[in-house]
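# A structural walkthrough
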Amino acid sequence: QVQLVESGGGLVQAGGSLRLSCAASGRTFSSYAMGWFRQAPGKEREFVAAISWNGGSTTYANSMKGRITISRDNAKNTVYLQMNSLKPEDTAVYYCAASIVLTPAPVTTRNYQYWGQGTQVTVSS
């Protein structure tokens, strides 16, 4: 299995940027597709972005498309989420997840087997 640890969250003003990182340990990182999800208070966890095992395929949620970029570095066992032009409605706990479905990377929570503990992103207006 794989262990995931997110970092890079914090407080940012609207219009600002953050880059989230998710470091993986355990089984070979390139054995997994990776995804980012988020969960705001009182809401269900929702899909943000996903990337296939080799980075050849990416998928984005419509709500954030054009403002985010997912990438991965298999040599560093890390997946990233660059977020720009952040809005207050982007405030949530952001989770990274790993899936044994290599490509295309899944967009639903049920298809991810491993999850990190989450990192808080707060966007002030």
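Our structure is the block above this text.
A few points on the structure. Please read these numbers as outputs of a predicted model, since none were measured by experiment. (Residues numbered from 1 in each chain as written. Predicted model: local features only at pLDDT ≥ 70, side-chain atom pairs only at ≥ 80, totals over all residues. Heavy atoms only, no water.)

## A few points about the sheet that holds strand 1 (residues 2-7)
Put simply, the test is: Pairing between strands is defined by DSSP: at least two bridges between the two strands are required. Think of it this way: any DSSP run of H or I at least four residues long counts as a helix, any run of E at least two long counts as a strand, and we number them from the N terminus. Fitting a line to C-alpha atoms yields each axis, with helices limited to the stretch in contact; the angle taken between N-to-C directions then spans 0 to 180 degrees.
If you trace the 4 strands from one edge of the open sheet to the other, you get 1-3-8-7, paired in antiparallel fashion. Edge positions in the sheet fall to strand 1 and strand 7 (68-73), since each has one partner strand and no second. Put simply, the sheet's adjacent strands are angled 15 degrees from each other on average, direction ignored. In terms of strand pairing, strand 1 meets strand 3 (residues 18-26) through 6 bridges, oriented antiparallel.

## A short note on the packing of aromatic side chains
We apply this condition: Put simply, two rings from Phe, Tyr or Trp (the six-membered ring, in Trp's case) pair if the centres are within 6.5 Å, and we call them stacked under 30 degrees between planes, edge-to-face over 60, tilted for the rest. To sort residues, take the accessible area from a 1.4 Å probe on protein chains only and compare it with the maximum for the residue type: under 20% means buried, over 50% means exposed, and anything in between is partly exposed.
A complete count under the given rule lists 5 aromatic pairs for this structure. Between Tyr32 and Tyr114, the ring centres sit 5.8 Å apart and the planes meet at 90 degrees, which makes this aromatic pair edge-to-face. One end of the pair, Tyr32, is in the loop between strand 3 and strand 4 (33-39); the other, Tyr114, is in strand 10 (residues 114-115), and 82 residues separate them in sequence. Given a relative accessible area of 1%, Tyr32 falls into the buried group. Note on Tyr114: relative accessible area 23%, which makes it partly exposed.

## Side note on the side chain of Thr119
Selection criterion: Here a polar contact is recorded for every N or O atom pair within 3.5 Å, except that within protein the pair must consist of a potential hydrogen donor and a potential acceptor, and residues adjacent in sequence are included only if both atoms are side-chain atoms. Contact definition: two residues touch when any of their heavy atoms are within 4.5 Å.
Of note, Thr119 is situated in strand 11 (residues 119-124). A distance of 3.2 Å separates the side chain of Thr119 from the backbone nitrogen of Gly9, its partner in a polar contact. If we ignore the near neighbours within four places in the chain, the residues touching Thr119 are Glu6, Ser7, Gly8, Gly9, Leu20, Ala92, Val93 and Tyr94.

## Remarks on the pattern of salt bridges
Inclusion rule: Any Lys or Arg side-chain nitrogen found within 4 Å of a carboxyl oxygen on Asp or Glu counts as a salt bridge.
A full pass over the atoms with the stated rule returns 3 salt bridges. Of the charged contacts in the structure, one is a salt bridge between Asp90 and Arg67, with a shortest N-O distance of 2.7 Å. One end of the pair, Asp90, is in the loop between strand 8 (78-83) and strand 9 (92-99); the other, Arg67, is in the loop between strand 6 (58-60) and strand 7, with 23 residues separating them in the sequence. Salt bridges here are not isolated pairs; linked through shared partners, they connect Arg38, Glu46, Arg67 and Asp90.

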